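# Summary of the model geometry
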Amino acid sequence: MSSIQSAGLTTLEIQDVGRRFGGSQALAHFDMTVQGGEFIALLGPSGCGKSTALNCLAGLLPLTSGRILIDGKRIDTLPPEKRDFGMVFQNYALFPHLTVAKNVAFGLTMRKLPAATIKTRVAEALALVRLEPHAGKLPGQLSGGQQQRVAIARAIATRPRLVLMDEPLSNLDAKLRIDTRAEIRKLHQMLGLTTIYVTHDQEEALSMADRLVVLRDGLIQQIDTPEQIHERPKNPYVAEFMGYRNQLHGHVVSAQDDVVGVRVGELVLNAHPVTPLTVGDPVTIAIRPDDLLPVGPARAVRDRNVLTATPTIVEYQGQSFAVELRGPEGVVLHSRVGELPPQPGEPVQLTVGALRALAYPSADAPGAPVESTSRAEAVA
Amino acid sequence: MTTTDTNPVRAHRRHRLAERGIDKGLLLLVPALVVAIVLFVYPFAYGLGLTFQPSAKMQDEWGHTPFANYIAFFSDPFLFDTIWITLRLALPVALLNVLVSIPIAYKLRPQFRGKRTLLMILVLPVTLGAVLTSQGLIIFAGRSGWINQFLTGIGVIHDPLVLTMNYTGVFLSLVITGFPFAFLLVSSYLSGIDPNLEAAARTLGAGWLSRFTRVVFPLLLPGLATTFILTFVLAFSVFPSARIVGDPLGETRVMSLVLYRAFGDQNDYQLTATLAVMLGVVELIVVAIVLFGRSLVYRGHSGGKG
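Now for a description of the structure that goes with this document. (Residues numbered from 1 in each chain as written. Chains lettered and ligands numbered in written order. Predicted model: local features only at pLDDT ≥ 70, side-chain atom pairs only at ≥ 80, totals over all residues. Heavy atoms only, no water.)

### Here we look at the overall build of chain A
Within chain A, the secondary structure is distributed over nine helices and 20 strands. For chain A, the spread of C-alpha atoms along the three principal axes comes to 75 × 45 × 40 Å. For chain A, buried positions account for 52% of its 380 residues. With the model as given, the accessible surface of chain A reaches about 16100 Å², and the carbon-plus-sulfur share is 52%. Positive and negative side-chain charges in chain A, numbering 38 and 39 respectively, have mean positions lying 9 Å apart. (Helix = DSSP H or I, 4+ residues; strand = E, 2+ residues; numbered from the N terminus. Buried < 20%, exposed > 50% of the residue type's maximum accessible area, 1.4 Å probe, protein only. Areas by Shrake-Rupley, 256 points an atom, 1.4 Å probe, with all protein chains shown as cover. Lys, Arg positive; Asp, Glu negative; His and termini not counted. Charge placed at Lys NZ, Arg CZ, Asp CG, Glu CD.)

Spelled out as structure tokens, the structure:
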């Protein structure tokens, strides 16, 4: 169908890329290989280095170490204007003095294409984002969502080798964000453009990307498929970021292949070791609120895991109730209950399946210094 | 139900007035209004009136009408030519100040070591008055100034360059005093342009020249027009340097000089007022032309912090 297709990138190799600002290391040992047509999301809280990584890829920031190769050819030595990438900025960065059509045509004009070609390509790109009726308007006359679609059209009109997106949805309201998200995903499936997408929103990353890269303090924590990252976060930090809000600390008292007994204060919980553990290891158990549920007529105790806790806050959140509880030794627990929420002040028993309680060596707990991802592997 | 147009219950008068932007706060404007009327509107109207009451001498020379002063201005080359003499100085000076400010402000935009010091040096001449600048020019670029001493000393030239007491002297002095203004204004207009726009242009394949001509310059243009107007007005009313480092009876016989002459030497207030009005009219014509040009280009927001 469309002539806007991936301009043939087979592999993008990012080799040990690092970027230092003054004395602080914003990004280090960034190492990954992206296959042509992949949709990669860089995910992490602000300051984790994801935008730095994107700007390094775009060439807007020089690297302090490492190399970037496309199909074996070094590109980190090229200035941004020679890289043939398309970039979508968080604040759109549309040229305010040019019409929508001229904005989209900008990259094509720079490539000195014949006027007729430019015209058809602009029309195509605008059709893809359904903005043909607005071609003659100035960006200031469009809504935020429309402006973002212009930015996307402008970035893909040149048929770039790689599309970079820097939190493109963060300035949109909730509903528009979900619509535009679907639209970006659809465009990607249609055109097969290799895309690197930066976001701090895990839901956004999970729903769009083929693979996620979770970053923290400039270091890669995990590169995996959305399912793996969601179900098997590699360390407590990734777990916490992916919504494993309950974190309990204890020691391993019994160890089998896929279940370890962990003593947390007075009680022993059965948990799943993410990396092999031996008796005596200090561990952190991470549990999602949706997996830590009250025992009741409809829900039996699972894997002999019982925690007694007292609800302190019960919040109605539309489809479910978010319950905050005070557990053994004052530890704060979070649970998500579909119906019949517990009453604040009335103690309840909570249970969790052993496979849904992930046990990590405590050295990697959030707050503990993490030097590299290899720490977790070194233990393994 | 709350108050609407059809609701019989009317809001309090005070609220209705406030709706149209009228409230007690407006009283705070009174002092400023009084000052403006007493110190500006009245003297201006008075001066304008004076221009139509020519002195007996002027009436004898240029006809017995209330317009004798204006007839004199347009007929006497000694007065009328000052328009061109002044424009010949002020227009190129303003243009040069604006054009030179662009690359310097553009280059100084990113943060770098020593930026504050450099900015201070560039802006410092603002604090020097026109008299001090002119005096400095005589010492630096005069017939026996440092430049000429140096150049004749190393044998590059035999006769000293004539850089003062002429058009060049006034031109240089106006550039020195006007540049900091132009630079500061252009810098602030530049900081009003979102740096991401240039980054976006780069990723789309634009080299530095394209980025400047297609993105930065068009967005800067309205600001440049304003800067041009301000430096032009500053240069157009040149007085001290035209006298100190210029040729006050010849090629730098600017409007303010003949104006001062009518006031100080001839004691003809009516003619002085007429010259002042004409000075303003010429300025306004130039300003109007530039503003018209400005109205033809994009003037919307440019995304930056300005």
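### Notes on the packing of helix α2 (residues 100–110) of chain A against helix α11 (residues 208–236) of chain B
In contact at an axis separation of 13 Å, α2(A) and α11(B) are set at 155 degrees when each is read in the N-to-C sense. The angle between α2(A) and α11(B) falls in the class roughly antiparallel. Judged by the twist between their axes, the crossing of α2(A) over α11(B) is right-handed. Mapping the contact onto sequence places F106(A), T109(A) and M110(A) in α2(A) and S210(B), R214(B) and V215(B) in α11(B). The residue makeup of the contact of α2(A) with α11(B), split by class, is three nonpolar, two polar and one charged. (Axes fitted to C-alpha atoms, helices over the stretch in contact; angles between N-to-C directions. Parallel < 35°, antiparallel > 145°, perpendicular 65-115°, else oblique. Left-handed = near helix turned anticlockwise from the far one by under 90°. Contact = heavy atoms within 4.5 Å. Nonpolar A, V, L, I, M, F, W, Y, C, P; charged D, E, K, R; others polar.)

### Some details on the interface of chain B and chain A
Every contact between the two is made by 21 residues of chain B and, on the other side, 21 residues of chain A. Both sides of the chain B and chain A interface together cover about 1900 Å² of buried area, and 69% of this is carbon and sulfur. Broken down residue by residue, the surface that chain B buries against chain A is led by R202(B), T203(B) and L204(B), which jointly contribute 38%. At the boundary of chain B with chain A, the tally comes to two salt bridges. Here E81(A) makes a salt bridge to R202(B), at a shortest N to O gap of 2.9 Å. Summed over the shared surface of chain B and chain A, the result is six residue pairs in polar contact (both at pLDDT 80 or more). Where the side of chain B that touches chain A is concerned, the elements lending two or more residues are α10 (195–203) and α11 of chain B. At seven residues, the largest contribution of residues to the side of chain B that touches chain A is made by α10(B). A breakdown of the residues in the side of chain B that touches chain A according to their chemical character gives ten nonpolar, seven polar and four charged. (Buried area = accessible area lost by both parts, 1.4 Å probe. Salt bridge = Lys/Arg side-chain N within 4 Å of Asp/Glu carboxyl O. Polar contact = N/O pair within 3.5 Å; in protein donor to acceptor, adjacent residues only side chain to side chain.)

### With respect to the sheet that holds strand β9 (residues 211–216) of chain A
Residues and elements named next belong to chain A. Across the sheet, six strands lie side by side as β6-β7-β8-β3-β9-β10; this open sheet has mixed pairing. The strands lining the two open edges of the sheet, one partner per strand, are β6 (85–88) and β10 (219–224). If you compare each strand with its neighbour and ignore which way they point, the axes differ by 15 degrees on average. In this sheet, strand β7 (residues 162–166) lies alongside β6 in parallel orientation, the contact comprising four bridges. The residue bridging M87 from the neighbouring strand is L164, located in β7. Contacting β3 (39–43), β7 and β8 (195–199), helix α5 (residues 174–191) runs over the sheet at an angle of about 145 degrees to β3. (Pairing = 2+ DSSP bridges.)

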